[in-house]
Amino acid sequence: MTVEREAPAEIGLPEGRRHPWHRYVALGDSFTEGIGDPDPQNPGRHRGWADRLAEELSHGTEDFAYANLAIRGRLLGRILDEQLDPALELRPDLVSISAGGNDLLRPGSDPDALALRLDAAVGRLADAGATVLLFNGPDIGSTPVLSAIRGKVAIYNENLRVVAARHDAVVADMWGLRQLSDPRMWDTDRLHFSPLGHHTIAIMALEALNVRHGLEPMDPSPMPVRTWRAARTEDLVWAREYFVPWVIRRLRHKSSGDGISAKRPTAGPVFGAGAPLGSGEPS
């Protein structure tokens, strides 16, 4: 059973919160799908930063519509092959795209080649008249699982700034969001962001778009004091439950997104009747 999310009461909405966009389409992988941020109103489904962003953008814009085509596990090539044309068919005036992170995790991946392919896609979106919100990668130097690819992420990020400048895109600067170094911003799988992380990223994205919003920073609960033995036990549990299955999928050329369809394949209202909710439904 799904529960319709109700729009919050809009009392005294300041005129300064208005923005020029009416149709927002999000492209990407698990990050944009919202994995790590379960929807408490709809068990088994996910919200994520993009849903939170769309909710804020919809306030005060009666005809605002939102689609989210992102699917977990997707590499850059599949994101562009499967999501770019459908996105353009929806005629968005705002598009967010975050892609390439899964590619960078793979041995031998080339951040220069990835950025070159992304450049062509951003050009098509910009030529269609859409404002493009382009996400770079976070600084993962303190992240146990991802720190090995920090250098490739940094190179990719510099390339993305060139892409953004060429097409007048807006950069959502994940690398500069220093709060993401806090372990509480990450999910238990250490690969995706927690609800706190998604909330923090949504605020950053809104500010990158220069949109006044009603989201307030959340104060995370204090980290519990752990002994060395407890920390070691957690590492072993994490390796068994998350890391080993991830490696096995890579060896078998499988993806966590196999059999998964986009949670919002058409552009519709964010709240109320007709608003598709959640994600992760088998296709």
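Conventions adopted
Residues numbered from 1 in each chain as written. Predicted model: local features only at pLDDT ≥ 70, side-chain atom pairs only at ≥ 80, totals over all residues. Heavy atoms only, no water. Helix = DSSP H or I, 4+ residues; strand = E, 2+ residues; numbered from the N terminus. Expected span 1.5 Å × (residues − 1). Buried < 20%, exposed > 50% of the residue type's maximum accessible area, 1.4 Å probe, protein only. Contact = heavy atoms within 4.5 Å. Polar contact = N/O pair within 3.5 Å; in protein donor to acceptor, adjacent residues only side chain to side chain. Phe/Tyr/Trp six-rings, centres within 6.5 Å; stacked < 30°, edge-to-face > 60°. pLDDT = per-residue confidence, 0-100.

A. Spatial organisation of helix H5 (residues 111-127). For H5, with 17 residues, the first-to-last C-alpha span of 24 Å sits near the 24 Å given by 1.5 Å per residue. All buried positions along H5 are accounted for by Pro111, Leu114, Ala115, Leu118, Asp119, Ala121, Val122, Gly123 and Leu125. Taken together, the buried residues of H5 touch strand E1 (23-28), helix H3 (76-89), strand E3 (94-98), helix H4 (101-104), strand E4 (131-135) and helix H6 (150-167). Capping the start of H5, Asp110 holds a side-chain oxygen 2.9 Å from the backbone nitrogen of Asp112, two or three residues further along. Looking one or two places after H5, you find Gly129, whose phi comes out positive at around 95°.

B. Molecular detail of the packing of aromatic side chains. Counting across every chain of the model gives six aromatic pairs. For the ring pair Phe31 and Trp49, a centre distance of 5.4 Å and an interplane angle of 35° mean the geometry is tilted. One end of the pair, Phe31, is in helix H1 (residues 30-33); the other, Trp49, is in helix H2 (residues 49-58), with 18 residues separating them in the sequence. Taken as a pair, Phe31 and Trp49 share a single burial class, namely buried. Linked through ring pairs, Phe31, Trp49, Phe135, Trp186 and Phe193 together constitute an aromatic cluster.

C. Structural context of the confidence of the model for the protein chain. Across the protein chain, pLDDT averages 84, with 74% of residues at or above 70. Low pLDDT, under 50, characterises residues 278-283; the predicted model gives this stretch 21 contacts beyond four residues in sequence or across chains.

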